[in-house]
Amino acid sequence: MKNNKEKKEYTYSFENNSFLDGILMKYVVPPVLNRLPMTLRPNNITMFSGLCALSAFMIMLQAAFNHFYVWWLIPILMFVYLVSDCLDGAQARRTKMFSALGEFLDHFFDSAVTGYLVGGILIVYREMNPVYFIMALVIGYFTQAASFWERYKTGKMFFGKFSSTETVCTLTAVIFVSCFEPIRNFMKTPLFWTISPIRLFLIVSCFFAFLNGVKSLIRSKSVTVKFFSYVLLSLLVALLLSFTGFNIETKVIFISLYIMIYLAKLLVSITMQQKDKYPDFGFPVILIGILLIGSRQYLCFALCMVYLVFSIMIIVFNSMFEYIHVKLRVVEKIKERRASKINEAQCSEDSETEDQN
């Protein structure tokens, strides 16, 4: 990767083979896009899609209280999220408003959605078994990180036939039908040994997600120690959380926030063309201290939440300031080029006038 002084102009390249994305882009996105004003910024659409996904996850958290009466909102919110996720790119191409910040926000929200949906399934079925908790969340986020890593090394984002859109639809469908008690009871009933239908679904989903992640790493052709340290630390944090006294909702939120710290760093490295960064080492140390000391649960919860939220906020705000600074420098360069062209034109006119005299 080049340093900041040698940065190339920002570009975004992708290969999308997703079947559902093709349907959305052909039949759903164009009618909506034609009704949007040209002044609407793509980043505003991205923020709206992230808000829809966050609202759906907040509804999933109500499963702890058996409040399933608003469950019908989840597929609606996730459909709006998927349409908006396609719409922001279409609006960017339409208005020529491509930016590094736009890619950062888009992929940052995408990385959170898949993990939150997997976490939502764990929450609904109160899956406290460490094996399934670690497998489902770590592999889900690993696949996202691997696809970002491929973008980092090759400069291109690759979406297979069963991509993030198909994954979101599948997970959303499983979460939605789980609001019906007969289905929920069936999904929790062991088929053989301790393997219930929901556990079987997690095993199969994680297997194919892991394969996709490995394919992304193979296409990238190289993996650094920093990426491997992210994988190992993610496994460690998930393992440590499984031994804490936190409820399943708290564990899902903590592991998601922790992994998103690294994903945010990786996205900054991609969009700003910087060297890749190490994952966060502070949170695992905090968890080890909590397990060794064994202090009060609410105090531990507050400490972990403050640390994770502030870590993400620092990365996001620093990156936004850097994006703005880069954009201002680009604007200044454009002004300088225009001024130099005007000066050259004036000089040529003056020379022509002197020749005529």
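Scroll up for the structure.
Here the residue numbers are simple positions, counted from 1 along each chain's written sequence. Side-chain atom pairs in this predicted model are given and counted only at pLDDT of 80 or more, local residue features only at pLDDT of at least 70, and totals for whole chains, interfaces and linings cover all residues. By convention in this description, side-chain values take in all heavy atoms of the structure and omit both hydrogens and water.

J.: Explain the overall build of the chain here, please?
T.: Secondary structure elements are defined from DSSP: runs of H or I of at least 4 residues count as helices, runs of E of at least 2 residues count as strands, and each element is numbered from the N terminus. Scanning the chain for helices and strands turns up 12 helices and 2 strands. In the chain, the succession of helices and strands from N to C terminus is β-α-α-α-α-α-β-α-α-α-α-α-α-α. Contacts are residue-level and defined by heavy atoms, with any inter-residue pair within 4.5 Å sufficient. Counted over contacts in the chain with a minimum sequence separation of 6, partners at least 24 positions apart contribute 83%.

J.: Is there a simple way to think about helix α3 (residues 73–95) in this case?
T.: One full turn of an α-helix is made of 3.6 residues, so residues set three or four places apart face in the same direction. Here α3 contains 23 residues, and its C-alpha end-to-end distance of 32 Å stays within 8% of the 33 Å for a straight helix at 1.5 Å per residue. Backbone geometry just downstream of α3 places Lys-96 in the positive-phi region, at approximately 60°. Here a helix's expected span is defined as the number of its residues, less one, multiplied by 1.5 Å.

J.: Where do I start with the pattern of salt bridges in this structure?
T.: Pairing between side chains of opposite charge can happen when their charged atoms approach one another. Note on definitions: salt bridges are taken to be side-chain nitrogens of Lys or Arg within 4 Å of carboxyl oxygens of Asp or Glu. Taken as a whole and assessed by the stated rule, the structure comprises 4 salt bridges. Arg-151 serves as the salt-bridge partner of Glu-103, at 2.8 Å between the closest nitrogen and oxygen. Taken together, the residues Glu-103 in helix α4 (residues 100–124) and Arg-151 in helix α5 (residues 130–154) connect sequence positions 48 residues apart. Exposure class is identical for Glu-103 and Arg-151. Each is buried. The cut-offs for exposure are 20% and 50% of the maximum accessible area for each residue type, with area from a 1.4 Å probe on protein chains only; residues under the lower value are buried, those over the upper are exposed, and the others partly exposed.

J.: Looking at this structure, how should I read helix α9 (residues 225–242)?
T.: The end-to-end C-alpha separation of α9 is 26 Å, in line with the 26 Å expected for 18 residues at 1.5 Å each. Listed in full, the buried residues belonging to α9 are Phe-227, Ser-229, Tyr-230, Val-231, Leu-233, Ser-234, Val-237, Ala-238, Leu-240, Leu-241 and Ser-242. Those residues of α9 hidden inside the fold are in contact with α5, α8 (197–220), α10 (248–271) and α11 (282–293).

J.: Help me out: how do you make sense of the packing of α9 against α11 in this one?
T.: A fitted line through C-alpha atoms serves as each axis, taken over the contacting stretch for helices, and the angle formed by two N-to-C directions is quoted from 0 to 180°. The contact between α9 and α11 brings their axes to 10 Å, and the two run at 25°. It follows from the interaxial angle that α9 and α11 lie roughly parallel. For the pair α9 and α11, the sense of crossing is left-handed. In contact with Leu-233, Leu-236, Val-237, Leu-240 and Leu-241 of α9, α11 contributes Phe-283, Pro-284, Leu-287, Ile-288 and Leu-291. Looking at the contact of α9 with α11 residue by residue, the classes come out as 10 nonpolar, no polar and no charged. Any angle that is under 35 degrees is reported as roughly parallel, and any over 145 degrees as roughly antiparallel; angles of 65 to 115 degrees are reported as roughly perpendicular and all others as oblique. If you view the pair so one helix is near and one far, a crossing is left-handed when the near helix is turned anticlockwise from the far one by less than a right angle, and right-handed when it is turned clockwise. When residue character is reported, Ala, Val, Leu, Ile, Met, Phe, Trp, Tyr, Cys and Pro are called nonpolar, Asp, Glu, Lys and Arg charged, and the others, Gly included, polar.

J.: Please clarify how the packing of aromatic side chains should be interpreted in this entry.
T.: Ring pairs (aromatic) are described by centroid distance and by the angle formed between their planes. Only the six-membered ring of Trp is used, alongside the rings of Phe and Tyr, when aromatic pairs are assigned; centres must lie within 6.5 Å, and planes under 30 degrees apart are stacked while those over 60 apart are edge-to-face, with the rest tilted. The tally for this structure, following the rule as stated, stands at 18 aromatic pairs. Relative to Phe-283, the ring of Phe-254 lies with its centre 6.2 Å away and its plane at 80°, an arrangement referred to as edge-to-face. With a gap of 29 residues between them, Phe-254 in helix α10 and Phe-283 in helix α11 connect regions that are remote in the sequence. Each residue in the set Phe-142, Trp-149, Tyr-152, Phe-210, Phe-227, Tyr-230 and Tyr-262 is aromatic and connected to the rest through ring pairs, giving one cluster.

J.: Help me understand a nonpolar patch on the surface, please; the structure alone is not making it clear to me.
T.: Taken together, Phe-186, Leu-191, Phe-192, Trp-193, Leu-200, Val-204, Phe-207, Phe-208, Phe-210 and Leu-211 make up a surface patch of nonpolar side chains, about 1100 Å² in accessible area. Here the element with the most residues in the nonpolar patch is α8; it accounts for 6 residues. Within the secondary structure layout, Leu-211 lies in helix α8. Patch members must show over 30% relative accessible area and no salt bridge, and they are joined within 9 Å when carrying like charges or within 5 Å when they are nonpolar side chains of Val, Leu, Ile, Met, Phe, Trp or Tyr. Each accessible area value is a Shrake-Rupley result obtained with a 1.4 Å probe; residue values ignore everything except the protein chains displayed when judging cover.

J.: I tried to follow unusual backbone geometry on my own but got confused; where do I start?
T.: Note on backbone geometry: most residues besides glycine have negative phi, and most peptide bonds are trans. Backbone geometry places Arg-126, a non-glycine residue, at a positive phi of 50°. Positionally, Arg-126 belongs in the loop between α4 and α5. Exposure remark for Arg-126: the relative accessible area of 37% places this residue in the partly exposed category. The phi torsion at Lys-221 lies on the positive side, around 70°, for a residue other than glycine. Within the secondary structure, Lys-221 sits in the loop between α8 and α9.

J.: Explain the side chain of Asn-43 here, please?
T.: Residue position: Asn-43 is located in helix α2 (residues 42–61). Leave out the neighbours within four places in its chain, and Asn-43 touches Ser-99, Leu-101, Gly-102 and Leu-105.

J.: Even after reading the chapter, I still don't get the nonpolar core, so can you show me in this structure?
T.: As a rule of thumb, nonpolar side chains are buried together in soluble globular proteins. With 107 residues, the main nonpolar core has Trp-71, Phe-104, Phe-108, Ile-121, Phe-133 and Phe-227 as its most contacted residues. Here this core takes 16 residues from α10, the largest share from any one element. Those residues in contact with Phe-133 that sit more than four places away from it in its chain are Leu-122, Ala-238, Leu-241, Ile-248, Lys-251, Val-252 and Ile-255. What we call a nonpolar core is a set of buried Ala, Val, Leu, Ile, Met, Phe, Trp, Tyr and Cys residues that are connected through their side-chain atoms within 4.5 Å.

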